[in-house]
Amino acid sequence: MNYKINDFLISPDINSASKNNEKFELTSQEVIALKLFFSSDDGFVDTQTLESEIWGERIVTKNSLRKLISDLRLKFGDRESFKNIRGRGYKLNFESFEPSKVTQKKVNDYKYLFTLLFIILICIVAILSYSYKDKIETLPKVSTQTVFESKDYILDYATYNNSLFVTARDKNTSKLYKVLNRQKTVLMSENYSGAYRGLEIHTSGRTIMHVVEDSKCKIKIFQRPVEDQIDEIPCNRQNAFPSFDWIDDNRFYITFNVDPSSSIKPFIYDLSTKRLEEVSSINFKSENNKNFIDAYIKGHNDGVFSLRENHLDEMSLTYFEGSNRKTFYKFRAKPYSVAVAEHNLFFVGNNNELFMLPLSDDILSQDINLSLLMASQAAKIDDPLILEKQLYLTLGNIAKEVIYSSSGNFTYSLENGVRDFTYTDKVLTILALTNSGYAIEQLKDGLVFNSIYFDSNLSFRHVAFYQGDIFLAGSDGIYKLVENKLTRVSNIKTTELVSNGKCMIAEGEGIHLLDQKTHTFIKIVEQGERAFQSEQGCFFVDTLTGNIVNENREIISKQTKRRLLIEHKGKIAHRYNVKEQTHIVDINTGKVIEKTKSRARFTKLISYEDDILYLGEADVNTSILRLKLD
């Protein structure tokens with residue numbers, strides 16, 4: 001869709017506007033404002049939505065929006081196109097039209113050409129970046145699922161019994177987390193950095209954990225994750241980050257140097273005999289008699305994979321078996337781990353990409369035919385691990401949208417960004433973006449009972465749970481998930497989707513009610529807005545009368561302010577931002593029912609039992625992702 005304001009043609013990316021020989025750029029805030037106007041039903045956007053979407057949680061003055069609109073009027077040379085609807089917001093008069101097929105074809109041709117050139121460039125870079133000439137294959141795209149994220153830096157992680165255990169640190173503290181149903185519990189905490197480091201859990205539950213305690217390096221072994229300690233091994237400062245790998249429930253590899261002047265190489269520790277013994281079946285000695293460090297090890301069949309650092313500070317990925325060895329990759333920067341499955345090896349390359357190497361029965365003589373599993377990422381890929389036969393890795397992040405509660409008892413984050421969430425029939429349903437589509441998770445009594453991931457190029461911003469079915473809506477219409485596949489229900493360009501389990505309405509070009517007999521949406525009101533959920537029905541504001549009405553158009557109440565609405569604890573309330581908080585105010589008494597600890601972002605806020613859930617932002621230094629191949 002193309003747009004014009006006062007004969008100025010807006011660019012397809014809405015970053016600039018031009019007329020005749022005149023052209024000007026638009027600021028990021030102006031772009032957001034125009035997108036809101038263009039996506040609205042009739043060009044009208046209320047003041048609160050403009051301020052919330054443009055400035056988010058930043059504190060701005062009352063004149064900030066006026067100044068922005070004034071600047072737009074000057075740029076477009078037209079005051080009449082940007083009308084101030086007193087006390088409500090602003091309305092933009094603009095033209096919208098479909099681009100001609102010829103123009104669209106040219107755009108598509110250019111897109112195709114640029115895409116082709118980009119792919120060629122990537123291929124050239126990939127070929128030039130490796131010193132060997134072996135074949136590199138590209139696998140089908142990978143979808144990711146975020147299973148943990150934190151402001152802390154992740155040191156190590158492992159899984160057991162559907163739970164994730166994570167050691168992490170910041171500048172001043174160390175923590176050991178247990179994560180179940182996306183809820184984090186701190187099992188251990190110390191007021192200094194680096195207290196908890198490496199972690200390895202056997203399928204039996206036996207756990208190896210590297211800690212620093214009383215300024216001393218220790219390897220602790222527990223009967224089950226961090227409970228019932230059964231053994232402890234002292235280590236020296238040269239073993240600052242030992243690596244371990246279980247052989248069976250009594251023995252494990254551990255990288256060690258008993259003599260501080262010796263190389264750090266794999267030993268075997270036996271819990272039944274309490275003995276640390278050299279590995280006699282494999283030759284780990286260096287080929288040039290120089291010292292080395294086996295920084296990370298994983299046993300496989302009759303051998304061991306190692307990330308070996310030599311005396312020149314160079315790191316290589318090498319497989320040792322008996323008296324033989326094979327080097328698969330040389331690194332420019334030191335990686336932290338590799339992931340070893342039954343038939344595949346996974347590791348991070350020199351350009352921050354993820355490789356997969358199929359493993360043959362005879363690893364020592366096999367060809368090095370790498371497959372590109374994940375292309376180079378902007379954020380650093382680290383710590384690939386195979387846990388419970390699934391591939392995990394860590395990835396750095398900057399900021400994420402997180403669901404918080406006003407009580408502080410509930411936090412929830414899902415994938416790249418939460419789009420919407422709703423609480424219906426005691427079920428919390430959450431919609432989020434992924435790298436290739438969308439994620440939906442549902443919780444009951446705080447436990448995840450349904451998790452869906454699907455690829456889609458459709459634009460969804462709203463989710464509803466109605467009589468056991470999940471509905472999604474946005475600018476591409478309304479869809480229902482049937483056996484995890486999308487089925488189109490309506491082409492309504494939806495700005496809000498509301499259900500209380502007994503009724504469902506869609507706001508967009510009027511108010512539409514889902515007819516239970518025909519399973520189609522029927523327009524019931526031409527002029528309606530600010531739809532919201534209630535235990536008594538599906539409510540909205542009739543703009544002709546100003547009354548709050550239900551899906552049957554029965555008058556429920558009279559609004560006292562032109563604000564977004566919510567029902568909380570059986571009371572209808574306005575919700576609006578006051579400095580850095582969002583207030584929930586009873587429309588009848590004017591009393592504050594609830595306050596959020598920080599401002600709700602993008603007006604996402606719902607009643608959740610006696611609590612309020614709202615969308616906020618959190619800094620995330622590292623995340624743990626689970627990968628799934630198509």
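Note that the coordinates shown come from a computational prediction; the quantities given were computed from them, not determined experimentally.

What counts as what
Residues numbered from 1 in each chain as written. Predicted model: local features only at pLDDT ≥ 70, side-chain atom pairs only at ≥ 80, totals over all residues. Heavy atoms only, no water. Helix = DSSP H or I, 4+ residues; strand = E, 2+ residues; numbered from the N terminus. Buried < 20%, exposed > 50% of the residue type's maximum accessible area, 1.4 Å probe, protein only. Contact = heavy atoms within 4.5 Å. Areas by Shrake-Rupley, 256 points an atom, 1.4 Å probe, with all protein chains shown as cover. Polar contact = N/O pair within 3.5 Å; in protein donor to acceptor, adjacent residues only side chain to side chain. Salt bridge = Lys/Arg side-chain N within 4 Å of Asp/Glu carboxyl O. Pairing = 2+ DSSP bridges. Axes fitted to C-alpha atoms, helices over the stretch in contact; angles between N-to-C directions. pLDDT = per-residue confidence, 0-100. Disulfide = S-S within 2.5 Å. Core = buried A, V, L, I, M, F, W, Y, C linked by side-chain atoms within 4.5 Å. Parallel < 35°, antiparallel > 145°, perpendicular 65-115°, else oblique. Nonpolar A, V, L, I, M, F, W, Y, C, P; charged D, E, K, R; others polar. Expected span 1.5 Å × (residues − 1). Phe/Tyr/Trp six-rings, centres within 6.5 Å; stacked < 30°, edge-to-face > 60°. Lys NZ or Arg CZ within 6 Å of the ring centre and 35° of its normal.

Focus: the overall build of the protein
Along its length, the protein carries 4 helices and 57 strands. Expressed as a percentage of the 630 residues in the protein, the buried residues total 50%. Here the analysis covers contacts within the protein between residues at least 6 apart in sequence; of these, 45% occur between residues at least 24 apart. Of the roughly 31700 Å² that the protein leaves accessible, carbon and sulfur atoms contribute 48%.

Considering helix 2 (residues 47–55)
If you check which residues of helix 2 are buried, you get Gln-48, Thr-49, Leu-50, Ser-52, Ile-54 and Trp-55. Turning to helix 2, the residues buried within the fold contact helix 1 (28–39), strand 5 (44–46), helix 3 (63–76), strand 7 (89–92), strand 51 (564–568) and strand 52 (571–578). At the N-terminal end of helix 2, a side-chain oxygen is found 2.8 Å from the backbone nitrogen of Thr-49, two or three residues along, and the residue is Asp-46.

Looking at the pattern of salt bridges
Counted under the stated rule, the structure contains 23 salt bridges. The salt bridge involving Glu-232 is made with Lys-218; its shortest N-O contact spans 3.9 Å. With Glu-232 in strand 18 (residues 227–235) and Lys-218 in strand 17 (residues 216–224), this pair connects stretches of sequence that are 14 residues apart. Judged by its relative accessible area of 13%, Lys-218 is buried. Between Glu-278 and Lys-265 there is a salt bridge, and its shortest N-O distance comes to 3.3 Å. Of the two residues, Glu-278 sits in strand 22 (residues 275–278) while Lys-265 sits in strand 21 (residues 265–270), which places them 13 residues apart along the sequence.

Remarks on the sheet that holds strand 14 (residues 183–190)
Read from one edge to the other, the open sheet built from 4 strands follows the order 11-12-13-14, with strand pairing classed as antiparallel. Because the sheet does not close on itself, it has two edges, and the strands there are strand 11 (153–160) and strand 14. Between one strand axis and the next, the sheet turns by 20° as a mean value, whatever way the strands run. The pairing of strand 13 (residues 174–180) with strand 14 spans 7 bridges and is classified as antiparallel. Bridge pairing in strand 14 links Val-179 to Lys-184.

Thoughts on the sheet that holds strand 19 (residues 244–246)
Reading across from one edge, 19-20-21-22 is the order of the 4 strands in this open sheet, with antiparallel pairing throughout. Looking at strand neighbours, the two that pair on one side only are strand 19 and strand 22, the edges of this open sheet. Each strand axis lies, on average, 30° off the axis of its neighbour in the sheet, ignoring direction. Inspection of the sheet shows strand 19 paired to strand 20 (residues 251–256) by 3 bridges, in the antiparallel sense. Each bridged residue has a counterpart across the sheet, and for Asp-245 the counterpart in strand 20 is Tyr-253.

Let's talk about the confidence of the model for the protein
In the predicted model, the protein carries a mean pLDDT of 85, and 89% of its residues have values of at least 70. Here helix 4 (residues 101–128) stands out as the least confident element of the protein, with mean pLDDT 51; strand 39 (residues 462–466) is the most confident, with 96. Across residues 124–133, confidence stays below pLDDT 50; counting only partners more than four residues off in sequence or on other chains, it has 10 contacts.

Remarks on the side chain of Ser-16
Summarising the element assignment, Ser-16 is placed in strand 3 (residues 16–19). Residue Ser-16 is classed as buried on the basis of its relative accessible area of 10%. Leave out the neighbours within four places in its chain, and Ser-16 touches Leu-9, Ile-10, Ser-11, Lys-23, Phe-24, Glu-25 and Leu-26.

Description of the state of the cysteines
Applying the stated criterion across every chain yields a total of 2 disulfides. Between the sulfur atoms of Cys-217 and its disulfide partner Cys-235 the distance amounts to 1.7 Å. A torsion of -90° about the S-S bond marks the disulfide between Cys-217 and Cys-235 as left-handed. Taken together, the residues span a long stretch of sequence, with Cys-217 in strand 17 and Cys-235 in strand 18 at a distance of 18 residues. A relative accessible area of 13% means that Cys-217 is categorised as buried. When its relative accessible area of 12% is taken as the criterion, Cys-235 is described as buried. In this model, Cys-503 is linked to Cys-538 through a disulfide, with the two sulfur atoms separated by 2.1 Å. Across the S-S bond of Cys-503 and Cys-538 the torsion is about 110°, and the bridge reads as right-handed.

Points about unusual backbone geometry
Positive phi outside glycine occurs at Val-226, with the angle close to 50°. Within the fold, Val-226 resides in the loop between strand 17 and strand 18. Judged by its relative accessible area of 15%, Val-226 falls in the buried class. The phi torsion at His-519 lies on the positive side, around 60°, for a residue other than glycine. Mapping His-519 onto the fold places it in the loop between strand 45 (511–515) and strand 46 (520–525). Take His-519: its relative accessible area is 56%, and that puts it in the exposed class.

Quick look at the nonpolar core
With 33 residues, the main nonpolar core has Tyr-157, Phe-305, Leu-317, Leu-345, Phe-347 and Ile-624 as its most contacted residues. Ignoring any residue separated from it by four or fewer positions in sequence, one finds Ile-624 in contact with Gln-145, Thr-146, Val-147, Phe-148, Ile-154, Tyr-157, Leu-164, Val-166, Tyr-392, Leu-393 and Thr-394. By size, the runner-up hydrophobic cluster in this structure holds 26 residues, among which are Tyr-3, Ala-33, Val-45 and Trp-55.

Concerning the packing of helix 2 against helix 3
Packing of helix 2 against helix 3 brings their axes to within 11 Å, and their N-to-C directions diverge by 85°. As summarised for this structure, helix 2 and helix 3 are arranged roughly perpendicular, according to the angle between their axes. Contacts between helix 2 and helix 3 involve Thr-47, Leu-50, Glu-51, Ile-54 and Trp-55 on the former and, on the latter, Ser-64, Leu-65 and Leu-68. Of the residues in the contact of helix 2 with helix 3, the class split is 5 nonpolar, 2 polar and 1 charged.

Looking at helix 3
For helix 3, with 14 residues, the first-to-last C-alpha span of 20 Å sits near the 20 Å given by 1.5 Å per residue. Residues Ser-64, Leu-65, Leu-68, Ile-69, Leu-72, Arg-73 and Phe-76 constitute the buried set of helix 3. Immediately downstream of helix 3, the backbone of Gly-77 shows phi near 60°, a positive value.

Structural notes on the packing of aromatic side chains
With the rule as written, the count across this model stands at 29 aromatic pairs. Plain terms: the ring middles of Phe-347 and Phe-355 are 5.8 Å apart, the flat faces sit at 55° to each other, and that makes the pair tilted. Both residues of the pair, Phe-347 and Phe-355, count as buried. Through a chain of ring-to-ring contacts, three or more aromatic side chains come together here, namely Phe-8, Phe-24, Phe-37, Phe-76 and Phe-82. The ring centre of Tyr-177 lies 5.5 Å from the NZ or CZ of Lys-184, which sits over that ring. Over the aromatic face of Phe-328 sits the side chain of Lys-326, whose NZ or CZ is 6.0 Å from the ring centroid.

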